[in-house]
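# Secondary and tertiary structure notes
The residues making up each chain are set out below.
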Amino acid sequence: DIQSFIDYFIINELAKNVDAYRLSTYFYKDRDNIDRKLYMGPVWDFNLAFGLPDYFKGYYIDGWIYKENKNLIPFWWQRLLQDQAFRNALEKRWFELRSGVLSTKSVIRTIDSLANRITTTVDRNYSEFDIIGKDVMWNYFTGSSYTDELNYLKFWLTERLRWMDCLL
């Protein structure tokens, strides 16, 4: 199912998920009498994404993660991205999403909405896991407050979206 491969690529590249393609990756197929297509997904495991990882250039705003891990990525991703029909469909889907759910405004609004929703649990989380302002293994950025963490995420995603717009 080409669409599922395209959506998988978009979300993992947007997040610059260092575990994408090689780890924490699933695909599935129903029995042939139901559906003969192979589907990517579900997507999951984004703890080493969104500008946090200090390896595989995961914190860089630019660069494709599928290229960063070349020796670890299954060959078919390189092959799919060489196919002009796949690339055209990828570009079309990217700009479709950018005009809606992945618009910068929508992404920031979602972050703010979710942050507001968990306000009462933030203090409990950080009293249980005393990590604010402390180095966390594999994390490039460590904020001195929860607000710093949110601001970094919003900045990083805004710039990542802008960078991807220029290349897709």
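Residues numbered from 1 in each chain as written. Predicted model: local features only at pLDDT ≥ 70, side-chain atom pairs only at ≥ 80, totals over all residues. Heavy atoms only, no water.

## Observations concerning the overall build of the protein chain
- In terms of helices and strands, the protein chain carries seven helices and two strands.
- In the protein chain, the order of α-helices and β-strands from amino to carboxyl end is α-β-β-α-α-α-α-α-α.
- In terms of principal-axis extent, the alpha carbons of the protein chain reach across some 50 × 30 × 30 Å.
- Within the protein chain, buried positions represent 35% of all 168 residues.
- A fraction of 69% describes how many contacts in the protein chain between residues 6 or more apart in sequence connect residues 24 or more apart.
- A total accessible area of about 10100 Å² is found for the protein chain, and carbon and sulfur atoms account for 54% of it. (Helix = DSSP H or I, 4+ residues; strand = E, 2+ residues; numbered from the N terminus. Buried < 20%, exposed > 50% of the residue type's maximum accessible area, 1.4 Å probe, protein only. Contact = heavy atoms within 4.5 Å. Areas by Shrake-Rupley, 256 points an atom, 1.4 Å probe, with all protein chains shown as cover.)

## Overview of the layout of surface pockets
- The calculated volume of the largest pocket comes to roughly 980 Å³.
- Lining the largest pocket we find 35 residues, and of these Phe-46, Phe-50, Leu-52, Leu-150 and Leu-153 sit closest to its centre.
- When residues in the lining of the largest pocket are grouped by element, the largest group, six residues, is from helix α7 (residues 146-167).
- For the lining of the largest pocket, the residue count by class is 27 nonpolar, five polar and three charged. (1 Å grid on protein atoms, 1.4 Å probe; cavity = no way out; pocket = protein on both sides within 12 Å on 5 of 7 lines; lining within 4 Å. Points joined across faces, edges and corners; volume = space filled by probe spheres on them. Nonpolar A, V, L, I, M, F, W, Y, C, P; charged D, E, K, R; others polar.)

## Focus on the packing of aromatic side chains
- Throughout the structure, instances matching the rule amount to 20 aromatic pairs.
- Both rings, one in Tyr-55 and one in Trp-138, keep their centres 6.4 Å apart while their planes meet at 65°; by these two values the pair is edge-to-face. Here Tyr-55 is found in the loop between β2 (38-40) and α2 (65-68), whereas its partner Trp-138 is found in the loop between α6 (119-128) and α7, with 83 residues between them in sequence.
- Relative accessible area serves as the criterion here: at 23%, Tyr-55 is assigned to the partly exposed category.
- On the accessibility criterion, Trp-138 (43% relative accessible area) is partly exposed. (Phe/Tyr/Trp six-rings, centres within 6.5 Å; stacked < 30°, edge-to-face > 60°.)

## Details of the nonpolar core
- If you look at the biggest cluster of nonpolar residues, it comprises 33 residues, and the most contacted ones within it are Phe-9, Tyr-21, Trp-77 and Leu-90.
- Secondary structure elements with two or more residues in this core: α1 (2-15), α2, α3 (75-82), α4 (84-98), α5 (104-117) and α7.
- Look past the residues within four positions of Leu-90 in its chain and what remains in contact with it is Ile-6, Phe-9, Ile-10, Leu-81 and Leu-168. (Core = buried A, V, L, I, M, F, W, Y, C linked by side-chain atoms within 4.5 Å.)

## Quick word on the packing of α1 against α7
- The geometry of α1 relative to α7 is characterised by a closest axis approach of 9 Å and an angle of 130° between their N-to-C directions. Considering their axes alone, α1 and α7 lie oblique with respect to each other. Between α1, through Ile-10, Glu-13, Leu-14 and Ala-15, and α7, the contact on the second element is made entirely by Trp-156, Leu-157, Arg-160, Leu-161 and Met-164.
- Residues that form the contact of α1 with α7 fall into these classes: seven nonpolar, no polar and two charged. (Axes fitted to C-alpha atoms, helices over the stretch in contact; angles between N-to-C directions. Parallel < 35°, antiparallel > 145°, perpendicular 65-115°, else oblique.)

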